[in-house]
Structures are given as C-alpha cells and as structure tokens.
Amino acid sequence: MDPMFRYFLGFQVPADRAGWLARQLPVGTADLFAGLKPQHYHLTLCTIEESEARLPFLRQRVSRALAAGLPAAAAIPFGRIVARDMGAELVTAGSVAAIRSLYEGIVALLVPHGIAPMHRKSGLRPHVTLGYGKCDFDARPSAWTWTPRDLVLIESHVGHRRHRVLQSWTLDPPAQAAFAFMEDALPAPLRYAA
C-alpha cells in the first residue's frame, strides 16, 4: 500500500521569497501551478520516513539525534527555473559543495539514532519545486543565493499537498572566511599559504 504520510528534513523558503519565486514563473504557466501554495516551497534534504499512519514519536527521535548540535548553515546558489517532466523547479548553479557538506553533517547525526535518508541513490540534487503539472518552457534565469536559517521536519500528507512543520531547529550562520587584508592580524598557523 502507498504511504499516506511522508516525513522529511529540509529548508522552508521564507514567505517573502516564496512570493517572489512564484512571480518568476514564465507568463502563461501560472494556471498550471495554481494548486501549489508558496508556503509549500522548500528544499528537501532527505525523506526519513514514509508510513500509512502518522508517526507521533518521530519528532522526538529526530530532536534527540540533532541535540548534539547542527552544522552551520550553507549558502545555496540558485540560477534558473526549469521545466521538468511534471512541474517546474528552481535549480542550483555553480558549486553545491557547501550544501552537500551540511547534508552529510546532518545525516551523520541521524544515522546513529536509526534514522537514515531514503531515496538518495542518485545523490543530493538541491532544488525548490515551484509547481506540479505538465509544462514546457525554456529555462529562465533566476539568480538567488539563499542561506537558510532553520532546518525543518515536515509531515507531508501524500497526494493532498498539505505540509505540516513538526519542528524547526535554528542553524548557526556560515563560518566567515578570512580576507586577505586580515592576514597580518592572524597568528602564523592560521595564515593562508602563499
């Protein structure tokens, strides 16, 4: 039997950015995506459970797994909106090494607690789904670098386009890199090699 509930970890797009993204879709496609509400825009890191019934204690299990402290946030460089087989997505441009490192750090916290990512055989492909429905349009540039502030656990009601945030955890900001003008102020072991 197909699952009725799907539980995943990810980042929810802030309301002001979600509205902006909805307006970036090519003219004439809005009717195809009317059923997807901008408050459902998110970037899924991984699905962690699927079931026929609600899992009332999953939130506590995930909280215990993440209690040791989350890795710092990572900037996600988005670059264009594309048509896929059954919808539209905002996809990344450039390196996704930082988001991949964040994902791996979160998974490393989950696995010892018996929580493992599902459906990740093809690897991590960061994107934000903007809508569902058959569509065909040329890729549209949409440059946006997003640094999520919170990791969220979402309960999705499969097939009903309903999402419920069960809990969120604030991420520390990304580490600031040292700039060349600061090099003289750093102790010798921390200076960059020439």
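Below you will find a few notes about this structure. Once a new chain begins, its residue numbering starts again from 1 and follows that chain's sequence as written. The predicted nature of this model means local features are confined to residues of pLDDT at least 70 and side-chain atom pairs, given and counted, to a pLDDT of 80 or more, with totals for whole chains, interfaces and linings taken over all residues. Excluded from the side-chain calculation are hydrogens and water; included are all heavy atoms of the structure.

1. Observations concerning the sheet that holds strand β1 (residues 5-12)
Strand pairs in the sheet, formed through backbone hydrogen bonds, run parallel or antiparallel to each other. Strand order in the open sheet formed by 4 strands is β2-β1-β7-β8, with antiparallel pairing between adjacent strands. Each edge of the open sheet carries a strand with a single partner, namely β2 (42-51) and β8 (162-170). Averaged over all neighbouring strand pairs, the angle between strand axes comes to 25 degrees, with direction disregarded. Across 8 bridges, the pairing between strand β7 (residues 150-157) and β8 is antiparallel. DSSP calls a pair of strands paired once it identifies at least 2 bridges connecting them. Helix numbers and strand numbers start at the N terminus; a helix is a DSSP run of H or I with at least 4 residues, a strand a run of E with at least 2. Throughout, an axis means a line fitted to C-alpha atoms (over the contacting stretch in the case of helices), and angles, computed between N-to-C directions, take values from 0 to 180 degrees.

2. As for the side chain of S63
With respect to the helices and strands, S63 occurs in helix α2 (residues 58-66). For this analysis, a polar contact is any N or O atom pair within 3.5 Å, provided that within protein one partner can donate a hydrogen and the other can accept it, and provided that sequence-adjacent residues contribute only side-chain to side-chain pairs. Within the structure, S63 has its side chain in polar contact with the side chain of Q167 (distance 3.1 Å). When checking whether two residues touch, look at their non-hydrogen atoms; a contact exists if any pair is within 4.5 Å. Each residue touching S63, except ones within four places of it in the same chain, is listed here: Q167 and W169.

3. A short note on the packing of α2 against helix α3 (residues 97-110)
Contact geometry for α2 and α3: axes closest at 8 Å, N-to-C directions at 110 degrees. It follows that α2 is roughly perpendicular to α3 by the angle criterion. Crossing of α2 over α3 shows right-handed handedness. In this structure, α2 uses V62, A65 and L66 to contact α3, whose residues at the interface are I106, L109 and L110. Every angle not falling under 35 degrees, over 145, or within 65 to 115 is termed oblique; those three ranges are roughly parallel, roughly antiparallel and roughly perpendicular. It is the rotation of the near helix from the far one that decides the hand of a crossing: anticlockwise by less than a right angle makes it left-handed, clockwise makes it right-handed.

4. Some words on the nonpolar core
Grouped together as the largest cluster of nonpolar side chains are 45 residues, with contacts concentrated most on F11, I48, V62 and L151. Among the elements that take part in this core, α3 stands out by supplying 7 residues, more than any other. Once residues within four sequence positions are removed from consideration, V62 is found in contact with L9, I48, L110, I115, L153 and W169. Nine residue types can take part in a nonpolar core, namely buried Ala, Val, Leu, Ile, Met, Phe, Trp, Tyr and Cys, and a core is a set of them joined through side-chain atoms within 4.5 Å. Any residue under 20% of the maximum accessible area for its type is buried, any over 50% is exposed, and the rest in between are partly exposed; the area is computed with a 1.4 Å probe on protein chains only.

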